[in-house]
Amino acid sequence: MEASTGPISPWQSKTFGTTLSLHLDRAVGAMTISPSGRDVVLASRNGLYVVDLDDPYCPPRFLRHTTLWEVADVQWSPHAAKYTWVISTSNQKAMVWNMALPASNAIEHVLHAHTRAITDINFHAHDPERLATCAVDAFVHCWDMRSPEKPVQSFCDWRASATQVKWNRQNPHVVASSHDRFVRVWDDRMGAKPLRTINAHSNKIHGVDFNRVCETRLVTCSSDKTVKFWDYSNEKDEPMKVIETEFPVWRARHTPFGDGTLIMPQRGGKNALHLISNREGSEYDSENQISNPMKAVAEFIGHSEPVKEFLWRTRGGESGIDDREFQLVTWSKDHDLRLWSISNETFEAVHHARNKPLKYKLTRMGTPYVTFSKEPMVDDDSDVFSLSPLNIRNAVSSSTGGRAGHFGGRLPVHRYMTRGGRGYDKISHLNWLSGVRIGRSAFAKPDENTAFNEREGIPENLGEEVSIVGNKFPKIAFEKIDVNSGNIVVCLNGPWGFNSSLIFIRLLAKFPLEYPHHKSPSLEIEPSKDMTNKDLKSIMSQIQLIAKRFTDRDKYCLEPCLRYLMGEKFILEQLDVEDLVASMDIQLVDDVEGSYSSSDDEIILFASPN
């Protein structure tokens, strides 16, 4: 059911070690990443947007689910056994999506037991069939997806709403939840009584995270501007260490490498993420109440609004040796999705030891490196998705070699459709391209209309070039844009008919990977009854020559080629145009009435239709 195009391994990814920024002007409330690290899901009130990080120039897939409530959380299953499952909140309900199914029928389960809005979701760290939810109703519900009709176990604080829930990464029986200023640690073998209650902060707790190696250790953060490290085996409410910040803290999580914690402000903090080393600073002195001011070993600064979520994209570790590589993924209120590279100095600052045996199991191992950013292909003549849910399940199971476990266990009694059925959120391909920035331009502040105005329309890659041309010439239609493969199809009108009359032209372009560095694209114009074969060959030879002259000088050639086809003039700067003009038999003009202004040293090039 997944698309088979693109890289088949994270080691073939072109974006993993690259700085990247994507702009999506939608009210996104939460973000999650697939266990393979290829796709990111952005959840809004209108539905889910699935972005392929390895094909950032392709607009996201949209799965509609219109709701009146903000999406509090969305989580992609971290287990290879359930790599198609995504769960998102919708007020009191949690929707379990199967990314391998068509958008109109992608909701596989609806979990409904809470009486107030759900605030957090967390998949079990060991069992791919289990997850936990918590809500404003103060309850923590534990679910087994083999019987999703009701929770298999529930815990309740009875006094304060729950804000976070997290499973222990080492002990499969332990789960922790935060309620106002308190942390409750529950053991599913002890019934409704908490294993441990910690009076953790002086204000509301916003984040809880278990240590990846030490079973009884966890970190909490709060709007009281502190981050605290705890060992719940200690019966006293005394933290191991306290970090004081200058801002209320929304999230604090252990890094998947070394011994560090990444801190996300609720507001302030330069709209940045702050990485600290857990080994720096002194232990907390309860008598003198001595804490440590935050000393960041790295800061990720670039967003213009507060960061709403951060995730880690990972590859490696298949052999049991820690040769993993990491990339930070962030989403902000400025509507930018950004990929950040991690320097060797940062790894060293948090004491990450490479090429050592892994200290814990990686649940993502064995996940196919596929994308769900394309809608599954459905044969209209088949009954795979038009009959009963059982037929859907059988079809999906058979398409994956009978591995039904990848797509859930028992089907629910009722099927749930997304509100609005097959509706979709139309995102213009050109508008999407204008928000894609790679490399040096990734963190440039975008203009209201286009991301390239600050660099005077000079592209840095094919995607930016297509976006610039598309915004500059609105009458040009891009029939196909596949930046990843370099295939572009452009439709326009040009004065190549009888007596220079306008005729329809379709240009097929194939851009090589090395473009524009001494590699010109393959250009072909579709034959037309309005154009003779002689004229067709002449036009094609001239645009190919234009493309070669530009790419020989490492310059982008799409715009001058299209200008030529439209019969317009364009300005050639810093090129040996005398040789170009002699070869092309074109007209040179210093100035033209009613047209573009030019300086004395600029040469204006015209197409000669006939």
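Residues numbered from 1 in each chain as written. Predicted model: local features only at pLDDT ≥ 70, side-chain atom pairs only at ≥ 80, totals over all residues. Heavy atoms only, no water.

Student: Would you mind going over the overall build of the protein with me for this structure?
Tutor: Summing up its helical and strand segments, the protein has seven helices and 37 strands in all. When the 610 residues of the protein are sorted by exposure, 54% land in the buried category. Within the protein, residue pairs in contact and separated by at least 24 positions form 55% of the contacts whose partners lie at least 6 positions apart. (Helix = DSSP H or I, 4+ residues; strand = E, 2+ residues; numbered from the N terminus. Buried < 20%, exposed > 50% of the residue type's maximum accessible area, 1.4 Å probe, protein only. Contact = heavy atoms within 4.5 Å.)

Student: I keep staring at helix H6 (residues 558–565) and nothing clicks. Help me out?
Tutor: Most of H6 is tucked away, with eight of its eight residues classed as buried. Buried within H6 are the following residues: Leu558, Glu559, Pro560, Cys561, Leu562, Arg563, Tyr564 and Leu565. Residue Gly567 follows H6 closely and has a positive phi angle near 75°.

Student: Would you explain the pattern of salt bridges in this entry?
Tutor: Under the counting rule described, the total for this entry stands at 26 salt bridges. Across the pair Asp188 and Arg130 runs a salt bridge, and its minimum N-O distance is 3.4 Å. Within this pair, whereas Asp188 is found in the loop between strand E16 (182–187) and strand E17 (196–199), its partner Arg130 is found in strand E11 (residues 130–135), the two being separated by 58 residues in sequence. Asp188 gets classed as buried once you look at its relative accessible area, which sits at 18%. (Salt bridge = Lys/Arg side-chain N within 4 Å of Asp/Glu carboxyl O.)

Student: Just checking my understanding: could you explain the sheet that holds strand E20 (residues 226–231) for this structure?
Tutor: Note on sheets: strands pair through backbone hydrogen bonds, and any given pair is parallel or antiparallel. Across the sheet, five strands lie side by side as E18-E19-E20-E21-E25; this open sheet has mixed pairing. Strands at the two margins of the open sheet, each flanked by one partner only, are strand E18 (205–210) and strand E25 (292–293). In terms of strand pairing, strand E21 (residues 241–244) meets E25 through two bridges, oriented parallel. Note on E25: the bridge partner recorded for Glu244 is Pro293. (Pairing = 2+ DSSP bridges.)

Student: Please clarify how the packing of aromatic side chains should be interpreted in this entry.
Tutor: Two descriptors summarise a pair of aromatic rings, namely the distance from one centre to the other and the angle between the planes of the rings. A full pass over the atoms with the stated rule returns 15 aromatic pairs. Ring geometry for Phe139 versus Trp158: centroids 5.6 Å apart, planes at 70°, classification edge-to-face. Linking Phe139 in strand E12 (residues 139–144) with Trp158 in the loop between strand E13 (153–156) and strand E14 (162–167), this pair joins segments that are 19 residues apart in sequence. Accessibility expressed as a relative area gives 68% for Trp158, which makes it exposed. Between Phe326 and Phe347, the ring centres sit 6.2 Å apart and the planes meet at 50°, which makes this aromatic pair tilted. Within this pair, whereas Phe326 is found in strand E28 (residues 325–332), its partner Phe347 is found in helix H1 (residues 344–349), the two being separated by 21 residues in sequence. Of the two residues, Phe326 and Phe347, both sit in the buried class. An aromatic cluster is defined as three or more aromatic residues linked by ring pairs; in this entry it consists of Phe257, Trp312, Phe326 and Phe347. (Phe/Tyr/Trp six-rings, centres within 6.5 Å; stacked < 30°, edge-to-face > 60°.)

Student: Can you walk me through the side chain of Arg61 in this structure?
Tutor: Within the secondary structure, Arg61 sits in strand E5 (residues 61–64). By relative accessible area, which is 4% here, Arg61 ends up buried. A polar contact of 3.0 Å, which involves the side chain of Arg61, links it to the backbone oxygen of Phe372. Beyond its immediate stretch of four places on either side in the chain, Arg61 contacts Leu48, Tyr49, Val50, Met99, Leu101, Pro102, Ala103, Phe372, Ser373, Lys374, Glu375 and Pro376. (Polar contact = N/O pair within 3.5 Å; in protein donor to acceptor, adjacent residues only side chain to side chain.)

Student: When you look at the confidence of the model for the protein in this model, what are you seeing that I'm missing?
Tutor: In regions of low pLDDT, the predicted coordinates are not meant to be interpreted in detail. In the predicted model, the protein carries a mean pLDDT of 84, and 81% of its residues have values of at least 70. Every residue in residues 571–575 scores below 50 in pLDDT, and together they form 15 contacts with partners more than four places removed in sequence or on other chains. Scored below 50 in pLDDT, residues 577–610 shows 65 contacts in the model against residues more than four places distant or in partner chains. (pLDDT = per-residue confidence, 0-100.)

Student: Mind showing me how you'd approach the packing of helix H4 (residues 462–472) against H6 here?
Tutor: Viewed as axis vectors pointing N to C, H4 and H6 meet at an angle of 35°, and their least axial separation amounts to 10 Å. Here Glu465, Val466, Val469 and Lys472 of H4 come into contact with H6, specifically with Leu558, Glu559, Leu562 and Arg563. (Axes fitted to C-alpha atoms, helices over the stretch in contact; angles between N-to-C directions.)

Student: How do you make sense of the packing of helix H5 (residues 533–551) against H6 when you look at a structure like this?
Tutor: For any two helices packed against each other, the geometry is given by the interaxial angle and the distance between the axes. Two elements in contact, H5 and H6, have axes whose closest approach is 9 Å; the angle formed by their N-to-C orientations is 155°. By the criterion of interaxial angle, the relationship of H5 to H6 is roughly antiparallel. Taken as a pair, H5 and H6 cross one another with a handedness that is right-handed. Taking contact as the criterion, the partners of Ile539, Gln542, Ile543, Ile546, Ala547 and Phe550 in H5 are, on H6, Pro560, Cys561, Tyr564 and Leu565. Of the residues in the contact of H5 with H6, the class split is nine nonpolar, one polar and no charged. (Parallel < 35°, antiparallel > 145°, perpendicular 65-115°, else oblique. Left-handed = near helix turned anticlockwise from the far one by under 90°. Nonpolar A, V, L, I, M, F, W, Y, C, P; charged D, E, K, R; others polar.)

Student: How should I be thinking about the sheet that holds strand E4 (residues 47–52) in this particular structure?
Tutor: What the four strands build is an open sheet, ordered E2-E3-E4-E5; its pairing is antiparallel. Two strands close off the open sheet at either side, each with one partner strand: strand E2 (28–33) and E5. Strand-to-strand twist of the sheet, defined as the mean angle between neighbouring strand axes without regard to direction, takes the value 20°. Judged from the six bridges that link them, strand E3 (residues 39–44) and E4 form a sheet pairing that is antiparallel. Bridge assignment links Ser44 to a residue of E4, and that residue is Gly47.

Student: Can you help me understand the pairing of strand E23 (residues 260–265) in this one?
Tutor: Look at any regular strand and the pattern is simple: side chains alternate between the two faces of the sheet. Taking burial as the measure, the six residues of E23 include six buried ones, the bulk of the element. Here E23 shows two buried faces, one formed by Gly260, Leu262 and Met264 and the other by Thr261, Ile263 and Pro265. Across five bridges, strand E22 (residues 249–254) lies against E23 in antiparallel orientation. Paired with Ala252 across the strands is Ile263, a residue of E23. Hairpin connection from E22 to E23: five residues lie between these consecutive antiparallel strands, with Gly258 at a positive phi of about 60°. Sheet analysis places E23 next to strand E24 (residues 273–277), joined by four bridges and oriented antiparallel. Residue pairing in the sheet places Ile263 in a bridge with His274 of E24.

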